[in-house]
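Structural overview for review
As a plain string of letters, each chain reads:
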Amino acid sequence: MTDPYRVLGLSPDASDEEVKKAYKALAKKYHPDVAGNTPEAARKMQEINAAYDQIINHKESFSSSSSGYGYSYGYGGYRSESQEEPIELRAAVAYINARRFMEALNALRSVPEERRSGRWYYLSAYAKAHTGDTVGAMNDIERAISKEPGNATYLAFRDRLTGRRSAYEDYSRSFGGISTGFFPCCFPFFPCCCII
Amino acid sequence: MFGYVLANASSLSKEEKERYKAHYCGLCKVLREKYGQKAMLALSYDMVFLEMVLSDISDAEETNGKERCVPHPVKEHDYTITAFSEYGADMQILLGYYSLLDKVKDEGKGRSEEKKMRALIPDLEKRYPRVASAIKTGLEKIADSEEKNSKDADAMALLFGEILGEVFVYDESSFFRDDLRALGCGLGRFIYLLDAWCDRKKDAKDGAYNPLSDDITEEKMRGMLLDAAAAASAAFERLPLDQHIFILRNILYSGIWSKFKEEKK
């Protein structure tokens, strides 16, 4: 795999902000409206997307199995973990690897309730968290842990879910907390721009 | 149920306030020009947030100008219009219409407005089939559960979150599709819960439906809201935003709590 920072024209110590800026500049350059619908531009775009994904989502990498090999980002990057992955979960894992979480949840729903393993609940929690359903994700990861209490991947994922809340609160505090004065509106029942 | 996603002006700079306001006025202008003066009554800050997120992601070109309008006839003000202002305006109308339809069915109120708005909907449904059907079926599910008097506030909030998640997905082929959906979903959950919290006393008095249990504590409520906000922010921080990032963070980490704080007093 090529160095994602190099793909974006950055040095490896670039900040997330710099990564986002560089990504946007390149995405604009290779956008079909600018570069035309050429295979060259499409390939370049995929590279840029994969590099962005790899850097920004790096801290959140998806562990494909309990033995913990990392998630291979992108486009056709699905690794042959099929020896370990039960057949009925493979489609869901492939969708998750392609970051298509709604499809992953659909694939998971097709597994009947009595066949849902700890791994099933972990995958479901992972996909739910990425569609914004953190309550569902928390329920599912608890189920996964109760089925396989010692599983480090599941425990780590639960920590990450709870960690998000405290990260949000910390960050929120830097805005003067969530209790500063808000604007009075001169026109309380009118959607009015004068409130700012 | 809208209008919770707004900035905390006390911690924005003068320039940021003006920029935020100009995006609001741009959206308002598009609404008025496309749907008539009265349509601006439907405008909420939630859509300003969406418009600013979408235009930031794609570095959309801006049209800036100055105008006077009906609510502010004396003083000229700046407006900013981007390619996403129209999308925001259209979504506002779609969301507004289906919620109104609900109200007509439930309370028999708003029949004449519903009739006037109805003419706008076929075009919008044709143009945004995925989003329109998500809003429609989502609101139907919510109405069903309300009828059964569901007290599972998180499940109810998720139904609304799923609607807003779909609204946030401007383009299904976008690389950021899922992060936008998760952001919209988290915000939608937040809006629904906060709305339920703000209405709970009135609903109890009127004997109207409310998803929160009667003995809900402020601490419990805060935890539920925090979970929804954190889900939104996790997705938000993955998006390549830079232009409006301070304003948007101000909204997401501070502004959205304003009604919760007001309610406490």
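Residues numbered from 1 in each chain as written. Chains lettered and ligands numbered in written order. Predicted model: local features only at pLDDT ≥ 70, side-chain atom pairs only at ≥ 80, totals over all residues. Heavy atoms only, no water.

1. Observations regarding the packing of helix α6 (residues 101-109) of chain A against helix α7 (residues 118-129) of chain A
Residue and element names in this part refer to chain A. For the record, the criterion: Axes, fitted as lines to C-alpha atoms, cover a helix only where it is in contact. Angles between the N-to-C directions of the axes lie from 0 to 180 degrees. Secondary structure elements follow DSSP: runs of H or I no shorter than four residues count as helices, runs of E no shorter than two count as strands, and numbering proceeds from the N terminus. When describing relative orientation, an angle under 35 degrees is termed roughly parallel and one over 145 degrees roughly antiparallel, while 65 to 115 degrees is termed roughly perpendicular and anything else oblique. Handedness of a crossing follows from how the near helix is turned relative to the far one, being left-handed for an anticlockwise turn of less than a right angle and right-handed for a clockwise one. When checking whether two residues touch, look at their non-hydrogen atoms; a contact exists if any pair is within 4.5 Å. Throughout, the ten residues Ala, Val, Leu, Ile, Met, Phe, Trp, Tyr, Cys and Pro are labelled nonpolar, Asp, Glu, Lys and Arg are labelled charged, and all others, Gly among them, are labelled polar.
One way to put it is that α6 packs onto α7 with a least axis distance of 9 Å and a crossing angle of 150 degrees. One element, α6, and the other, α7, form an angle in the roughly antiparallel class. Two packed elements cross with a definite hand, and for α6 against α7 that hand is left-handed. Facing Phe-101, Ala-104, Leu-105, Leu-108 and Arg-109 of α6, the residues of α7 in contact are Trp-120, Leu-123, Ser-124, Tyr-126, Ala-127 and Lys-128. Counted by class, the contact of α6 with α7 contains eight nonpolar, one polar and two charged residues.

2. Details of the pattern of salt bridges
For clarity, the threshold we go by: A carboxyl oxygen of Asp or Glu within 4 Å of a side-chain nitrogen of Lys or Arg is what we treat as a salt bridge.
Evaluation of the coordinates by the stated rule reveals 42 salt bridges over all chains. Salt-bridge contacts for Lys21(A) lead to Asp242(B); the nearest nitrogen and oxygen are separated by 3.5 Å. Of the two residues, Lys21(A) sits in helix α2 (residues 16-29) while Asp242(B) sits in the loop between α9 (218-236) and α10 (245-253), which places them in two different chains. Of the charged contacts, one joins Lys24(A) and Asp242(B) as a salt bridge, the two residues approaching to 2.4 Å between their closest N and O atoms. One end of the pair, Lys24(A), is in helix α2; the other, Asp242(B), is in the loop between α9 and α10, on a second chain.

3. Section: the interface of chain B and chain A
Note the cut-off: When two parts are brought into contact, each loses some accessible area as probed by a 1.4 Å sphere; the total of that loss over both is the buried area. Polar contact criterion, stated in full: a pair of N or O atoms within 3.5 Å, where within protein one must be able to donate a hydrogen and the other to accept it, and residues adjacent in sequence count only if both atoms are side-chain atoms.
Taken together, the 60 residues of chain B in the interface contact 45 residues of chain A. In this assembly, chain B packs against chain A so that about 4600 Å² is buried in total across both faces, 62% of it on carbon and sulfur atoms. Of all residues in chain B, the largest losses of buried area upon contact with chain A belong to Phe175(B), Arg238(B) and Tyr253(B), amounting jointly to 16% of the total for that side. Measuring nitrogen to oxygen at the nearest pair gives 3.2 Å for the salt bridge that ties Glu169(A) to Arg222(B). Our enumeration of links across chain B and chain A arrives at 17 residue pairs in polar contact (both at pLDDT 80 or more).

4. A look at the state of the cysteines
To keep it simple, the criterion reads: Cysteine sulfur atoms are paired as a disulfide whenever they fall within 2.5 Å.
Under the definition given, this model contains zero disulfides over all chains. A disulfide-free cysteine, Cys185(B) has its sulfur positioned 20 Å from the sulfur of Cys198(B), the nearest such atom.

5. Section: the nonpolar core
Nonpolar side chains in soluble globular proteins tend to end up buried together. Put simply, the rule is: What is meant by a nonpolar core is a set of buried Ala, Val, Leu, Ile, Met, Phe, Trp, Tyr and Cys residues, joined one to another through side-chain atoms within 4.5 Å. Note on exposure labels: buried denotes an accessible area under 20% of the residue type's maximum, exposed denotes more than 50%, and partly exposed covers the range between, all computed with a 1.4 Å probe on protein chains only.
Of all hydrophobic cores here, the largest spans 110 residues; its most connected members are Tyr20(B), Phe49(B), Leu183(B) and Leu187(B). Take this core: its biggest share by element is eleven residues, from helix α8 (residues 177-206) of chain B. In this structure, Leu183(B) is in contact with Phe49(B), Val53(B), Phe168(B), Ala232(B), Ala235(B), Phe236(B) and Leu239(B), ignoring residues within four places of it in sequence. In this structure, Trp120(A), Tyr121(A), Tyr122(A) and Phe157(A) belong to the second largest nonpolar core, which totals 25 residues.

6. Details of α10(B)
Summarising burial for α10(B): eight of the nine residues are buried, a large majority. Inspection of α10(B) places Ile245(B), Ile247(B), Leu248(B), Arg249(B), Asn250(B), Ile251(B), Leu252(B) and Tyr253(B) among the buried residues, and these make up the whole buried set. Structurally, α10(B) contributes buried residues whose contacts are with α2 and α9 (152-173) of chain A together with α1 (14-35), α2 (45-57), α8 and α9 of chain B.

7. A short note on the confidence of the model for chain B
All names here are of chain B. Rules: Summary of the metric used: pLDDT quantifies the predictor's per-residue confidence within the range 0 to 100.
Scored by pLDDT, chain B comes out at a mean of 90, with 98% of its residues at no less than 70. Ranking the elements of chain B by mean pLDDT puts helix α11 (residues 258-264) last, at 76, and helix α7 (residues 153-168) first, at 96. Our summary of model confidence lists the complex with pTM equal to 0.89 and ipTM equal to 0.86.

8. Let's talk about α6(A)
This is how it is decided: Taking the helix axis as origin, the arc is that swept by the directions to the C-beta atoms.
Taken together, the buried positions of α6(A) are Phe101(A), Ala104(A), Leu105(A), Ala107(A) and Leu108(A). Viewed end-on, α6(A) has its buried residues packed into an arc of 160 degrees, placing them on one side of the element. The elements touched by buried residues of α6(A) are α5 (87-97) and α7 of chain A together with α8 of chain B.

9. A look at the environment of Arg116(A)
Residues and elements named next belong to chain A. Checked against the element boundaries, Arg-116 lands in the loop between α6 and α7. Residue classification places Arg-116 among the buried residues on the basis of a relative accessible area of 16%. If near-sequence neighbours (up to four positions away) are discounted, Arg-116 is found in contact with Leu-108, Arg-109, Val-111, Tyr-121 and Lys-147. A distance of 3.4 Å separates the side chain of Arg-116 from the backbone oxygen of Arg-109, its partner in a polar contact.

10. Regarding the side chain of Asp179(B)
Along the chain, Asp179(B) turns up in helix α8. With sequence-adjacent residues up to four places away left out, Asp179(B) is seen in contact with Arg99(A), Ala235(B), Arg238(B) and Leu239(B).

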